[in-house]
Structures are given as structure tokens and as C-alpha cells.
Amino acid sequence: MRTQVAIIGGGPSGLLLSQLLNKAGIETVILERQSREYVLSRIRAGVLEYGAVDMLRKSGAGERMDREGMPHDGVYLTDNGKLFRIDFVERCGERVMVYGQTEFTRDLYKAQDDMGAIIIDRAANVALHDLDTDRPYVTWEKDGTGHRLDCDFVAGCDGFHGVSRPSIPDSVRKDFERIYPFGWLGIMSETPPAAEEIVYARNRSGFALASMRTRTLSRSYIQVPLTDRTEDWSDEAFWEEFKRRMAPEIAETLVTGPSIEKSIAPLRSFVSEPMRWGRLFLCGDAAHIVPPTGAKGLNLAASDVHYLYEGLKLHYLDRDDSGLDQYSQTALKRIWQAMRFSWSMTMLLHTFPEASEFDRQMQSSELVYLADSENAQKVFAENYIGLPF
Ligand code: FAS
Ligand code: PHB
């Protein structure tokens, strides 16, 4: 088998890159380790920056998002019960789109199927070869048979636990990491959202987040110790703690209900440099992980895809490698900005076991400043809606 770009991973990064390249007449093959059902069963991100919204529209897969997605002009924050709102449109003239990653991924699978794209799922033991030559290739097994795909380039879109990042020699790679001493317990419930926009709550008992997928499907989170397991939390215990951490005016009107999904995600900040080695280009979670506090994970994958797509298009259509040569440096500049924002929101809104009274006072005073200062809100809004690509 031969193609122009081999894409490892059929998550949002891989699918969006493949869809854009195919639309530009560039051949791809996606190799996905899991079944499509499994990929679409994962509950992940919920907020799209306007850049990611534009990318999905440009890919030709944005029609359902525009019909079913929920544009949000702002967010609420609450500090031990005091609630305030930041208006993105007023501060920065842009909004975000609430549209679940699962639906984003589903739309891309449909668009790729409609184009007759080659997506090989349940591809086991994917391995990358001769990346530092001009004739790289990929091997895998499926149903007991070995396969080989020759290609010009390999896009490593296989997430944090994928095979692509480790294919870059340790002597070349530099990893940066911070692991946070807590996780997020998230539940999905068929209940109306706690508020008409997303609410980030800082509370002495811990962080909570009220989000949604539709007007009848809520996504709610509370900070929990890393030692907690989902079976430690009944729905009743979750809602009681969630209401304790939310502002009273939100807790009083909250409609609770049974969880239809419950999971705990650990939080880490992680970046691996460089994002290119020879003919391999890393994209999305394969290269970086952000704590979900800033709603940046999926959106950073979209900006990586933007830079890589533009570089590959320039290579194939104009025989110009400048975009590919600058990919890692260009992508990392935006990644580090989003890394900083996600880290700062995580440090601001969560309780830390080792924090002193002074540390907690610093969190409170920063939230008072954010509530009162138009300039501070402009900086927050500019980062939350997404810095330009
Ligand atoms: P993904 O991990 O989504 O996709 C990688 C794909 O590669 C997967 O389908 C995987 O099966 C496949 N793969 C892995 N190894 C392979 C191999 N060896 N061979 C072939 N295929 C392989 N972001 C937010 O913005 N907000 C959130 O609330 C949020 N919540 C999250 C919760 C969890 C539990 C996790 C893990 C992440 C969350 N994220 C969130 C981040 C998430 O949305 C990612 O940023 C997003 O999935 C990135 O997409 P990809 O880069 O495509 O990686
Ligand atoms: C979500 O809806 O899952 C969500 C929203 C905002 C975040 C993180 C997750 O910051």
C-alpha cells in the first residue's frame, strides 16, 4: 500500500487533518487502534474556540455544529459563592461554541466516509519506520495479518499514549511536565444545565464546573483527590458536593438526576519538543496535554492541524517546504501560550493540599481583580476564546 500522508490516530486531530488534506486533493490513510464505536464512546471536551469552529466549517463538516451547537458569549466564575460573568463579545468581539468533542468527531467520521477516505480501525501494533529518511513507512497487524504502508510523511495524531512521540529518539526529545495533585470527577446527566453558560467555581471545598452538551444534557465536574475512584461517589454524594461548591443562586435552582456516564480524569500539563523528527510530525495530544480547566485540549489539536495542513499543502501544491520546516516552532509558540493560560486557571481555581492561608488569599484577590477589572477580563477573554492561529 502507498499514500502521501499516513495518519496515526482516528481522533479529532487525525480526522480533521485527513479531511482537510483530502479536500485539497492530498491522499491520506488513517490507522486507528480502536474500533470506531470505542472512539465515539469517549466523553471529552465541550468547548470550541472560534478558530476550531472555523476549521470544522472549512473542512466541510460544520453543518450540524452550526445547527445544534450552542454559541456562548461568556462564562461565569464564582469564588466561595460570589458569582460574576465575563462577556467575551463585549471584551474581545468573539464567542465560543459549546459542542461536544464526541459530536465533532462523529461529524468528521461522516465527512470522511462521504469522501471515501481510507480509515483502518482496529489496527494493532502500529510501528513507524525510516522516519529520518525520505522513504518512511508504517506497519501494523489486523486480524492476524501484517500490513505495510509506504508514504511521504507520517502525522502522529495518536494522543498521549500513542506510538508516535516515543518514535522520536530520547536524545532528540525534551519533555516538560507538571502533574496536579487532584483529578476531575465528571458526570453526564439528562438534566437541564445548571446555568445558561458555563460556570467555573472556586470553593474552599474544591473546584467545580457546570457545563453542558445540549439544553437537556449537562456535563458537571468536581475536583477530587487522585486516590478517589468513581465507585466512591454515588450520584447523590456528587450532587451534594457540587451544590456546596456552586454559587447559592445556581445551587438553589439546580435540577439533579442520575448519571449516564461517570469518570475521573487526572490533570497534567505536558509538552514534548520538537514536534517534528524527519518525516514525522506530531499533532494534538501526541505532543501536549493541558488540564481541562482552560478548555484548550481539543482546540490546541485544531491549531496544530491548521499549521500542519498548511505546511503539507504548500509542499504538495507549491513544492515549498517552508511551512513544514517552521511547523514545530510555529505550533509550539501557540501551544505554550495555551499551556500558560490552562496552568494559570488551574492554579487559580483549585484547592491545593500544601497551600498556605497566604496562597489562598492570593487566589481570592486575583478573582476579585478579575471580577472588577475590565482589563483583566479582556486578557481572560482573549485567552479563553483562543489566541489567533
Ligand atoms: P485523542 O487522544 O483524542 O485521539 C488519539 C487517537 O489515536 C485515539 O482514537 C486513539 O485510540 C488512537 N491511538 C492511540 N494510540 C494508537 C496507536 N498506537 N495506533 C493507532 N491509533 C492509536 N479537552 C478539553 O478541551 N476539554 C475537556 O474537558 C477535556 N476532557 C478530557 C478528558 C479526558 C479523559 C481526556 C483523556 C482528555 C480530555 N481533553 C479535554 C483533551 C482531549 O479533548 C484532547 O485534547 C483531544 O482528544 C485531542 O485529540 P487528539 O490529538 O486527536 O487525541
Ligand atoms: C466540558 O464541557 O466538558 C468542559 C467545559 C469547559 C472546560 C472543561 C470541560 O474548561
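The model shown is predicted, which means the values in this text are computed figures rather than measured ones.

Criteria and cut-off values
Residues numbered from 1 in each chain as written. Chains lettered and ligands numbered in written order. Predicted model: local features only at pLDDT ≥ 70, side-chain atom pairs only at ≥ 80, totals over all residues. Heavy atoms only, no water. Helix = DSSP H or I, 4+ residues; strand = E, 2+ residues; numbered from the N terminus. Rg over C-alpha atoms; globule rule 2.2 N^0.38 Å. Buried < 20%, exposed > 50% of the residue type's maximum accessible area, 1.4 Å probe, protein only. Contact = heavy atoms within 4.5 Å. Areas by Shrake-Rupley, 256 points an atom, 1.4 Å probe, with all protein chains shown as cover. Lys, Arg positive; Asp, Glu negative; His and termini not counted. Charge placed at Lys NZ, Arg CZ, Asp CG, Glu CD. Axes fitted to C-alpha atoms, helices over the stretch in contact; angles between N-to-C directions. Parallel < 35°, antiparallel > 145°, perpendicular 65-115°, else oblique. Nonpolar A, V, L, I, M, F, W, Y, C, P; charged D, E, K, R; others polar. Pairing = 2+ DSSP bridges. Phe/Tyr/Trp six-rings, centres within 6.5 Å; stacked < 30°, edge-to-face > 60°. Near = heavy atom within 4 Å. Polar contact = N/O pair within 3.5 Å; in protein donor to acceptor, adjacent residues only side chain to side chain.

Visitor: Help me get a handle on the overall build of the chain, residues and values and all.
Guide: When you go through the chain residue by residue, the secondary structure sums to 12 helices and 20 strands. For 389 residues, the compact-globule estimate of 2.2 N^0.38 gives 21 Å, and the C-alpha radius of gyration of the chain, at 21 Å, lies within 12% of that figure. Buried residues in the chain amount to 56% of all 389 residues. Intrachain contacts of the chain at a sequence separation of at least 6 include 72% that bridge at least 24 residues. Of the accessible surface of the chain, which amounts to about 16600 Å², a share of 49% is contributed by carbon and sulfur atoms. Taking the 45 positively charged and 57 negatively charged side chains of the chain as two groups, their mean positions are separated by 0 Å.

Visitor: How would you explain the packing of helix α10 (residues 322-349) against helix α11 (residues 357-372) if you had to name every residue and give the values?
Guide: Between two packed helices, both the angle of their axes relative to each other and the distance between the axes serve to describe the pair. At a closest axis distance of 8 Å, the pairing of α10 and α11 adopts a crossing angle of 115 degrees. Of the possible angle classes, the one that applies to α10 and α11 is roughly perpendicular. In this structure, α10 uses Met347, Leu348 and Leu349 to contact α11, whose residues at the interface are Gln363, Glu366 and Leu367. Across the contact of α10 with α11, the residue classes break down as 4 nonpolar, 1 polar and 1 charged.

Visitor: Lay out the sheet that holds strand β4 (residues 70-72) in plain terms, naming residues and giving numbers.
Guide: An order of β3-β7-β4 is seen for the 3 strands of this open sheet, with the pairing classed as antiparallel. Strands at the two margins of the open sheet, each flanked by one partner only, are β3 (47-48) and β4. In terms of strand pairing, β3 meets strand β7 (residues 96-98) through 2 bridges, oriented antiparallel. Residue pairing across strands places valine 47 opposite valine 98, the latter belonging to β7.

Visitor: Give a description of the packing of aromatic side chains that names residues and reports values.
Guide: Scanning the model with the defined rule gives 19 aromatic pairs in all. When the centroid spacing of 5.6 Å and the interplanar angle of 70 degrees are considered together, the rings of phenylalanine 341 and phenylalanine 380 count as edge-to-face. Placement of phenylalanine 341 in helix α10 and of phenylalanine 380 in helix α12 (residues 374-384) is noted, with a sequence separation of 39 residues between them. For the pair formed by phenylalanine 341 and phenylalanine 380, the shared burial category is buried.

Visitor: Describe in detail the site of ligand 1, supporting the description with residues and values.
Guide: Ligand 1 sits among 29 residues. The nearest are Ser13, Glu32, Arg42, Gln101 and Gly297. Here an oxygen atom of ligand 1 sits 3.3 Å away from a polar atom, N or O, in the main chain of proline 12. Serine 13 places a polar side-chain atom, nitrogen or oxygen, 2.7 Å from an oxygen atom of ligand 1. Against a free-state accessible area of 1000 Å², the protein chains account for coverage of 85% of ligand 1. Looking at the shell around ligand 1, the elements that each hand over two or more residues are α1 (12-23) and α9 (297-318). The residue inventory of the shell around ligand 1, partitioned by class, reads 13 nonpolar, 9 polar and 7 charged.

Visitor: Before we move on, can you summarise the site of ligand 2 with the specific residues and values?
Guide: Among the 13 residues in the neighbourhood of ligand 2, the closest are listed as Tyr200, Ser211, Arg213, Tyr221 and Pro292. Contact between ligand 2 and proline 292: an oxygen atom at 2.7 Å from a main-chain N or O atom of the residue. When ligand 2 sits alone it has 270 Å² of accessible area, and the protein chains cover 97% of it. Within the residue set of the shell around ligand 2, elements represented by two or more residues are β15 (208-214) and β16 (217-224). For the shell around ligand 2, a count of residues per class yields 7 nonpolar, 3 polar and 3 charged.

Visitor: An account of the environment of serine 41 is requested, with residue identities and associated values reported.
Guide: Tracing the backbone shows serine 41 in helix α2 (residues 36-41). Residue serine 41 is classed as partly exposed on the basis of its relative accessible area of 46%. In the structure, serine 41 is positioned 61 residues away from threonine 102 in sequence and 7.4 Å away in space, judged by C-alpha atoms. One polar contact links the side chain of serine 41 to the main-chain carbonyl oxygen of tyrosine 38, over a distance of 2.6 Å.

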